[in-house]
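Descriptive structure summary
Here is how the chains run, residue by residue.
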Amino acid sequence: MKILQLITELRPGGAERIVADLALGLKARGHEVAVAALRPLPANSVIVDDLKRGGIPVSSLEMTRLTPWRIFRLKKIVAEFQPDLVHSHLFHANLTARLNLVKRICPLVNTVHICERRKSKVWHFWLDRLTFRLCTLQTAVSQAVQKYHARHTGCSLASLPLVYNGIKMPRALTDDEISELRKSWGVSDCARVIGAAGRLDWQKGFDRIMKLLP
């Protein structure tokens, strides 16, 4: 099966990591996979490096704020790759795939990754509702995202099935490695170490981590 993964950009991030893991995992299962981004590829990105190292073709529509018409370059990418399925992620990529009428060529799956609470982005929900018929299926990555998106677009929960993100489990560290890390972080004497990586934004839930502290 030929699968095209489409996302807004490929700078290091959560949704971007999910796309890379999906692409690499699907290829390992015998599928032919390509990844495309709307925005120009970054000069340095561990996501792009991982994809290329895994033999996944990576391309870009080279879209910028000054060149919105490049949205229709997706038609050429789809025509050249001839996918059996297109899977897009995040609002802009979802809308791009819909406006390029990908559904007329092959099934189009959209995935909603976040609860968009910024008041300046309410038009996202209006456009999503307006173009919803142009995708084959739209999924949500969590119950919170599913319920929030359904409520703000007016769609039913049944029309927005829940599909959790997969997690690539890291290698278990040895006791010596853990000891060295504690030492390098200056927390050797701490009974418990809690950590998280992400931007300092309420959406990442760092306040919930703080509540775990005594």
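Our structure's up above, just so we're on the same page.
In this report, we go over the structure that sits alongside the text. (Residues numbered from 1 in each chain as written. Predicted model: local features only at pLDDT ≥ 70, side-chain atom pairs only at ≥ 80, totals over all residues. Heavy atoms only, no water.)

Some words on the overall build of the protein chain
A count of helical and extended segments in the protein chain gives eight helices and six strands. Shown N-terminal to C-terminal, the secondary structure of the protein chain runs as helices and strands in the order β-α-β-α-β-α-β-α-β-α-β-α-α-α. When its C-alpha atoms are laid out on the principal axes, the protein chain stretches across 60 × 40 × 35 Å. Long-range contacts, defined as pairs at least 24 residues apart, comprise 59% of the intrachain contacts of the protein chain with a sequence gap of at least 6. For the protein chain, the exposed surface amounts to about 13300 Å²; the carbon and sulfur share of it is 58%. Of the side-chain charges in the protein chain, 33 are positive and 18 negative, and the distance between the mean point of each set is 10 Å. (Helix = DSSP H or I, 4+ residues; strand = E, 2+ residues; numbered from the N terminus. Contact = heavy atoms within 4.5 Å. Areas by Shrake-Rupley, 256 points an atom, 1.4 Å probe, with all protein chains shown as cover. Lys, Arg positive; Asp, Glu negative; His and termini not counted. Charge placed at Lys NZ, Arg CZ, Asp CG, Glu CD.)

Quick word on a positive patch on the surface
Taken together, the side chains of Lys75, Lys103, Arg104 and Arg133 define a basic patch exposed on the protein surface. Among the secondary structure elements, Lys103 is positioned in the loop between helix H4 (91–99) and strand E5 (108–112). According to the relative accessible area criterion, Lys103 is partly exposed, its value standing at 40%. (Patch = residues over 30% accessible without salt bridge, like charges linked within 9 Å, V, L, I, M, F, W, Y side chains within 5 Å. Salt bridge = Lys/Arg side-chain N within 4 Å of Asp/Glu carboxyl O. Buried < 20%, exposed > 50% of the residue type's maximum accessible area, 1.4 Å probe, protein only.)

Considering the packing of helix H1 (residues 14–28) against helix H2 (residues 46–53)
Relative orientation and spacing of two packed helices are given, respectively, by the angle between their axes and the distance between those axes. Taken N-terminus to C-terminus, the directions of H1 and H2 make an angle of 5 degrees; their axes are 10 Å apart at the nearest point. The pairing of H1 with H2 is recorded here as roughly parallel in orientation. Taking contact as the criterion, the partners of Glu16, Arg17, Ala20, Ala23 and Leu24 in H1 are, on H2, Val46, Ile47, Asp50 and Leu51. A breakdown of the residues in the contact of H1 with H2 according to their chemical character gives six nonpolar, no polar and three charged. (Axes fitted to C-alpha atoms, helices over the stretch in contact; angles between N-to-C directions. Parallel < 35°, antiparallel > 145°, perpendicular 65-115°, else oblique. Nonpolar A, V, L, I, M, F, W, Y, C, P; charged D, E, K, R; others polar.)

Observations concerning a nonpolar patch on the surface
A cluster of nonpolar side chains, Leu173, Ile178, Leu181, Trp185 and Val193, forms an exposed patch at the surface whose accessible area comes to about 450 Å². Among the structural elements, Val193 can be located in the loop between helix H7 (175–185) and helix H8 (206–210).

Quick notes on the packing of helix H5 (residues 123–131) against helix H6 (residues 143–153)
Between H5 and H6, the shortest axis-to-axis distance is 9 Å and the interhelical angle comes to 80 degrees. As the angle between them shows, H5 and H6 are arranged roughly perpendicular. Here Phe125, Asp128 and Arg129 of H5 come into contact with H6, specifically with Tyr148, His149, His152 and Thr153. Its residues assigned to classes, the contact of H5 with H6 shows two nonpolar, three polar and two charged.

Here's the deal with the sheet that holds strand E1 (residues 2–7)
Judged by pairing direction, the sheet is parallel, and its six strands sit side by side in the order E3-E2-E1-E4-E5-E6 without closing on themselves. The open sheet has two edge strands, strand E3 (58–60) and strand E6 (137–140), and neither has a second partner. Put simply, the sheet's adjacent strands are angled 20 degrees from each other on average, direction ignored. Taken together, the five bridges between E1 and strand E4 (residues 85–89) define a ladder with parallel strand orientation. Within E4, the position partnered with Ile7 by the bridge is His89. (Pairing = 2+ DSSP bridges.)

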